Amino acid sequence: MSEPHACREGCAACCIAPSISSPIPGMPDGKPAGVPCVQLDAELRCRIFGQPERPACCSGLQPSTDMCGDRREHALVWLARLERDTAP
């Protein structure tokens, strides 16, 4: 198990790489893998962070050293691989 990791400013890999099957404000059918969430602002911050309309899968995904690595590119690759490995 990986130790906790703080979110890296300007990363947003977890808001881009994975698919989200639940509705998101502005994306009623969810979000395909590799597509940035419409709730990302220009600084790659979530506009609905901490809000009740934020999907549970988003708030449940916690940063970790394994997932995030030491750079954004690591997180994008790791999450894309997880997406592939767990696809139906």
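In what follows, the accompanying structure is described.

Scoring rules and cut-offs
Residues numbered from 1 in each chain as written. Predicted model: local features only at pLDDT ≥ 70, side-chain atom pairs only at ≥ 80, totals over all residues. Heavy atoms only, no water. Helix = DSSP H or I, 4+ residues; strand = E, 2+ residues; numbered from the N terminus. Buried < 20%, exposed > 50% of the residue type's maximum accessible area, 1.4 Å probe, protein only. Polar contact = N/O pair within 3.5 Å; in protein donor to acceptor, adjacent residues only side chain to side chain. Salt bridge = Lys/Arg side-chain N within 4 Å of Asp/Glu carboxyl O. Core = buried A, V, L, I, M, F, W, Y, C linked by side-chain atoms within 4.5 Å.

**Some thoughts on the side chain of Ser64**
Alright, step 1. Position of Ser64 among the secondary structure elements: in the loop between helix H1 (56-60) and helix H2 (65-68).
Alright, step 2. Accessibility expressed as a relative area gives 15% for Ser64, which makes it buried.
Alright, step 3. There is a polar contact of 3.2 Å between the side chain of Ser64 and the backbone nitrogen of Met67.

**Observations regarding unusual backbone geometry**
Alright, step 1. At Ala12, a position not held by glycine, the phi torsion is positive, near 60 degrees.
Alright, step 2. Residue classification places Ala12 among the buried positions, given a relative accessible area of 10%.

**With respect to the pattern of salt bridges**
Side chains carrying opposite charge are able to pair once their charged atoms draw close together.
Alright, step 1. Under the defined criterion, the tally for this structure stands at two salt bridges.
Alright, step 2. A salt bridge links Glu9 to Arg45; its shortest N-O distance comes to 3.3 Å. Residue Glu9 is located in the segment before H1, and its partner Arg45 is located in the segment before H1; the two are separated by 36 residues in the primary sequence.
Alright, step 3. Classification of Glu9 by relative accessible area gives exposed; the value is 68%.
Alright, step 4. The partly exposed category is assigned to Arg45, whose relative accessible area is 46%.
Alright, step 5. Measuring nitrogen to oxygen at the nearest pair gives 3.2 Å for the salt bridge that ties Arg71 to Asp70.

**Describing the nonpolar core**
Alright, step 1. Core analysis: the biggest nonpolar cluster contains eight residues, these being Ala12, Ile16, Ile20, Ile24, Met27, Cys37, Leu40 and Ile48.
Alright, step 2. Grouped together as the second largest cluster of nonpolar side chains are seven residues, Ala13, Met67, Ala75 and Leu79 included.

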